[in-house]
Amino acid sequence: MTRFLVVLTDVRPVEGIDRNERTAPERRRQVVGASSREAADRIAGAFMALGMVRAGRQRVKVIAVGRRRARN
């Protein structure tokens, strides 16, 4: 079963900071789990209505975790 994480992060400044998410991820503000893509999209939509996201200071990410394996 595929699960999803909805992550609200701070947008980092452009000057002098490594932008690689694997080595220097953005600071997380909120993390919410969802059991379906539809639920994750609804949560992300609610986060996107926040003033800090609309102003470009925070970002919303939907991440699939534990993807389903193909059946034989």
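The shown structure was predicted, so the numbers you read here are calculated from the model rather than taken from an experiment.

Chemist: Please explain the overall build of the protein as it appears in this structure.
Modeler: Scanning the protein for helices and strands turns up two helices and three strands. Listed by position from the N terminus, the elements making up the protein come as β-β-α-α-β. The 72 residues of the protein split such that 21% are buried. Here the contacts in the protein between residues at least 6 apart in sequence split such that 65% fall between residues at least 24 apart. In the structure as shown, the protein presents an accessible area of about 5700 Å², 49% of it carried by carbon and sulfur atoms.

Chemist: Quick question: what am I supposed to make of the nonpolar core here?
Modeler: Across soluble globular proteins, nonpolar side chains show a tendency to be buried alongside one another. By size, the foremost hydrophobic cluster in this structure holds eight residues: Phe 4, Val 6, Leu 8, Ala 34, Ala 40, Ala 44, Phe 47 and Val 53. Secondary structure elements with two or more residues in this core: strand 1 (3-10) and helix 1 (37-48). Apart from the residues lying within four places of it in its own chain, the contact partners of Phe 4 are Val 32, Gly 33, Ala 34, Ser 36, Arg 37, Ala 40, Val 62, Ile 63 and Ala 64.

Chemist: Which parts of the structure should I look at to understand the environment of Ala 44?
Modeler: Tracing the backbone shows Ala 44 in helix 1. If sequence neighbours within four positions are ignored, Ala 44 has contacts with Val 6, Val 60 and Val 62.

Chemist: Whenever I open this one, the sheet that holds strand 1 confuses me. Can you help?
Modeler: The pairing of strands in a sheet happens through backbone hydrogen bonds and is either parallel or antiparallel. The antiparallel open sheet is built from three strands, whose spatial order is 2-1-3. Strands at the two margins of the open sheet, each flanked by one partner only, are strand 2 (28-34) and strand 3 (58-65). Strand after strand, the sheet turns through a mean of 20° between neighbouring axes, direction not considered. The sheet contact formed by strand 1 and strand 3 spans eight bridges and is antiparallel. Its bridge partner lying in strand 3, Arg 3 is registered against Val 65.

Rules used in this analysis
Residues numbered from 1 in each chain as written. Predicted model: local features only at pLDDT ≥ 70, side-chain atom pairs only at ≥ 80, totals over all residues. Heavy atoms only, no water. Helix = DSSP H or I, 4+ residues; strand = E, 2+ residues; numbered from the N terminus. Buried < 20%, exposed > 50% of the residue type's maximum accessible area, 1.4 Å probe, protein only. Contact = heavy atoms within 4.5 Å. Areas by Shrake-Rupley, 256 points an atom, 1.4 Å probe, with all protein chains shown as cover. Core = buried A, V, L, I, M, F, W, Y, C linked by side-chain atoms within 4.5 Å. Pairing = 2+ DSSP bridges. Axes fitted to C-alpha atoms, helices over the stretch in contact; angles between N-to-C directions.

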